[in-house]
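Analysis of the macromolecular model
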Amino acid sequence: MFPISVRVPAATAAAVAALLSPALAVPAQAAPPGPATPAVPAPATVEEARLDRAVPQELLRRGGFDTVAPAFARSLARAGSYRQAEKAVAGHGAALWQRAVDRAQGRGPLAGDLSRDDDRPLYWARLAMVRELRLWQPSFGLGGTERAGLLDRLERSSRGQDSLRFPGGHGKGKGFKRILMTGFDPFTLDRDIRISNPSGATALALDGTVIRTAEGPARVEAAVFPVRWADFAGGTVERTLRPALPKADLFTTVSQGRPGRFDIERTNGAWRGGFGDNDNVSRLETVPVSDPATQPQWTSSTLPAAAVVAAPTGRFPVYDNTSVTEIPAGGTTPVDRPGGPTPGSTARAGGGGNYLSNEIAYRATLLRDRLGLDIPGGHVHTPVLAFGAGNTTELTDPVFVQNRLDIIAQVKEIIRVAAEAEE
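Residues numbered from 1 in each chain as written. Predicted model: local features only at pLDDT ≥ 70, side-chain atom pairs only at ≥ 80, totals over all residues. Heavy atoms only, no water.

Let's shift gears to the overall build of the protein chain. Scanning the protein chain from N- to C-terminus turns up 12 helices and 14 strands. Accessible surface, the protein chain: about 17200 Å² in total, of which carbon and sulfur atoms supply 55%. (Helix = DSSP H or I, 4+ residues; strand = E, 2+ residues; numbered from the N terminus. Areas by Shrake-Rupley, 256 points an atom, 1.4 Å probe, with all protein chains shown as cover.)

Here it is, written out as structure tokens:
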């Protein structure tokens, strides 16, 4: 689950950055005319290196996604220019996202024996594609900046981040509401590489679907985000949500949280608590955002928490979580505040902790406020997705599948209740 305690120790693993070398190989003396020497590709990242283990390979095979990266590599090999490579990257990335969404929503034949609700094949297939692209050495010159651009395009297109498009007009009386929802990749993979993330599975299950509410239909657009500090510092959340948020009637960021319960997180804090990400990189600092001079220590959810908590949304209890951890004004020691932050305090953990789940909630609600939007929005933490008792080696089991299906169904119902209550 996402670490939620401010007292989680910082990761001890060395920070490993996915550096893209911009330098071209330059000979000491003039060389005979010939093709430009391409930039030396960066080595695979810590996250990508896990691909070679048995579990990811089995998940790809049993999910029917084991052919994705080889097909992408063949397409790259045929690219004779940057433009052709860009086209291949965009096409294969978008196709991967759509294939995962179609699988989750029951469209097309079921390849492999994993249940349709499984988000893990998408995660590992994307990583395999990213690694192919990072290590690719084309026949034409490809500098570090150009390779970084291709990698960014692949990440965005394969996560649904560049396809958040609501049809028709916007606002009440336009026929249907527009719901923006986000999820996350699996994480803490060095603890258990079999892990799935129910928030990512929910994004796949709901993207492009219509939820029936008492006020009429509500269309959901969804995307998933990486569990990497650097991507968030680079503005991936703002770049993805800025075009879509003004068109939405309600938004919710979603992540995996505490065992056996849902939480509507009331307050988000501007602090990174140091827990290692999927590249085993640790960050202990203020959340880096644009215009830090106007950065607040806290942002707030505007989701209708009381209505959601009161509604029978599913088998897991739902809590309105108002707690935070702060350094009080004039103080130096973190203090837990069950009722929320006090005036002038410095954030050390929001209700959702001080990991990337808290950070996406902080960034999304800060963006809402900076855009001057008056729409309901905030963060929902799902229960931890658990395997059946005694399962320490198998990739799946009936309890695991049922838990994930129940979480997906309850997130959908929470969204429905929130969409009705915000009138």
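Turning next to the sheet that holds strand β10 (residues 318-321). Across the sheet, which stays open at both edges, the seven strands sit in the order β2-β3-β1-β4-β14-β5-β10 with mixed pairing between neighbours. Each of the sheet's edge strands pairs with one partner strand only, and the pair in question is β2 (210-213) and β10. When the angles between neighbouring strand axes are averaged without regard to direction, this sheet yields 25°. In terms of strand pairing, strand β5 (residues 262-265) meets β10 through four bridges, oriented parallel. (Pairing = 2+ DSSP bridges. Axes fitted to C-alpha atoms, helices over the stretch in contact; angles between N-to-C directions.)

It is worth spelling out the packing of aromatic side chains at this point. One pass over the structure, following the stated rule, counts nine aromatic pairs. Here the aromatic rings of Y123 and W124 are separated by 4.8 Å at their centres, their planes lie at 75°, and the arrangement is edge-to-face. The exposure classification of Y123 matches that of W124, with both residues buried. Note on W229 and Y355: the rings are 5.5 Å apart at their centroids and 80° apart in plane angle, and the pair reads as edge-to-face. Separated by 126 residues along the polypeptide, W229 in helix α8 (residues 229-233) and Y355 in the loop between β13 (346-349) and α11 (356-370) bring together distant segments of the chain. Judged by relative accessible area, Y355 falls into the buried class, the value being 2%. Members of the aromatic cluster, connected to one another through ring pairs, are F187, W229, F275 and Y355. Note that R194 overlies the ring of F387, its terminal NZ or CZ placed 3.9 Å from the centroid. Its guanidinium or amino end placed over the ring of Y319, R261 lies 4.0 Å from that ring's centre, counting from NZ or CZ. (Phe/Tyr/Trp six-rings, centres within 6.5 Å; stacked < 30°, edge-to-face > 60°. Buried < 20%, exposed > 50% of the residue type's maximum accessible area, 1.4 Å probe, protein only. Lys NZ or Arg CZ within 6 Å of the ring centre and 35° of its normal.)

Turning to the environment of G200, a few remarks are in order. When you line up the elements, G200 lands in helix α7 (residues 198-206). In this structure G200 comes out as buried when scored by relative accessible area, which is 4%. Separated by 24 residues in sequence, G200 and V224 have C-alpha atoms that sit 6.1 Å apart. Once residues within four sequence positions are removed from consideration, G200 is found in contact with D119, G183, F184 and V224. (Contact = heavy atoms within 4.5 Å.)

Turning to the nonpolar core, a few remarks are in order. Membership of the largest hydrophobic core comes to 66 residues, with the highest contact counts inside it found for W124, L133, W136 and F262. At nine residues, the largest contribution of residues to this core is made by helix α5 (residues 120-135). Dropping the residues within four chain positions of it, W124 is found in contact with R50, L51, P56, L59, L60, L189 and I193. Grouped together as the second largest cluster of nonpolar side chains are 24 residues, L241, A244, L356 and I360 included. (Core = buried A, V, L, I, M, F, W, Y, C linked by side-chain atoms within 4.5 Å.)

On to the packing of α7 against helix α12 (residues 398-421). Between α7 and α12, whose axes approach to 9 Å, the crossing angle comes to 65°. Both α7 and α12 take part in a crossing whose hand is right-handed. Contacts between α7 and α12 involve P198, A201, T202, A205 and L206 on the former and, on the latter, R404, I407, I408, V411, K412 and I415. (Left-handed = near helix turned anticlockwise from the far one by under 90°.)

Let's shift gears to helix α9 (residues 236-244). When we look at burial in α9, the residues that qualify are T236, V237, E238, T240, L241 and A244. Looking at the buried positions of α9, the neighbouring elements they touch are α6 (144-158), β1 (177-184), β3 (216-225), α8 and α11.

What follows deals with the sheet that holds β13. Reading across from one edge, β12-β11-β13 is the order of the three strands in this open sheet, with antiparallel pairing throughout. Where the open sheet ends on each side, the last strands, each with one partner, are β12 (335-337) and β13. Averaged over neighbouring strand pairs, the angle between their axes works out to 40° when direction is ignored. Bridging between strand β11 (residues 324-327) and β13 involves three bridges; their strand directions are antiparallel. Considered in β13, the bridge of I327 is made with T346.

Close contact between helix α4 (residues 82-104) and α6 brings their axes to 7 Å; oriented N to C, the two are set at 20°. With respect to α6, the element α4 is oriented roughly parallel. As for how α4 packs across α6, the hand of that crossing is right-handed. Here Y82, A85, E86, V89, A90, G93, A94, L96 and W97 of α4 come into contact with α6, specifically with E146, G149, L150, R153, L154, S157 and S158. Looking at side-chain class alone, the contact of α4 with α6 contains nine nonpolar, four polar and three charged residues. (Parallel < 35°, antiparallel > 145°, perpendicular 65-115°, else oblique. Nonpolar A, V, L, I, M, F, W, Y, C, P; charged D, E, K, R; others polar.)

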